[in-house]
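Here is how the chains run, residue by residue.
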Amino acid sequence: RDVERSRGLGDVYKRQIEEVVKSNQNEELALVVESGGVMGVGSRKSVLPLSEVSLENDEIVWSSEKKVEQLPEYSDSQFVSIQQKGQTIEDFLSGE
């Protein structure tokens, strides 16, 4: 699934969502998104807080003015995956 970000006049950025994680420090939920690189080579995984995204017209939309480069880099040691088999991103956004 992708997350979209609108930036004025229909300029939309899409990022691939890898998984839903929980911070080991504050238990905040977040999406791991991949950006940059070509076909996975040279890409960077970042952490996008779930509180900064919403579900709008069946699309996951990032509502922050931050650039993806400003997001914290994902680290296995700081986050744990919480997404269960069959569970969707929409389930987390709707609070189910």
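Up top is the structure.
Residues numbered from 1 in each chain as written. Predicted model: local features only at pLDDT ≥ 70, side-chain atom pairs only at ≥ 80, totals over all residues. Heavy atoms only, no water.

Asker: Please explain the environment of Asp76 as it appears in this structure.
Answerer: In this fold, Asp76 is placed in the loop between β6 (59–62) and β7 (79–81). By relative accessible area, which is 61% here, Asp76 ends up exposed. C-alpha separation for the pair Asp76 and Val21, spaced 55 residues apart in sequence, amounts to 9.7 Å. Engagement of the side chain of Asp76 in a polar contact is seen with the side chain of Tyr74, the distance being 2.8 Å. (Helix = DSSP H or I, 4+ residues; strand = E, 2+ residues; numbered from the N terminus. Buried < 20%, exposed > 50% of the residue type's maximum accessible area, 1.4 Å probe, protein only. Polar contact = N/O pair within 3.5 Å; in protein donor to acceptor, adjacent residues only side chain to side chain.)

Asker: What is the right way to look at unusual backbone geometry in this model?
Answerer: For residues other than glycine, phi is negative in most cases, and the peptide bonds are mostly trans. Phi angles above zero are rare outside glycine, and Glu27 is one such case at about 60 degrees. Its place among the elements puts Glu27 in the loop between β2 (12–23) and β3 (29–35).

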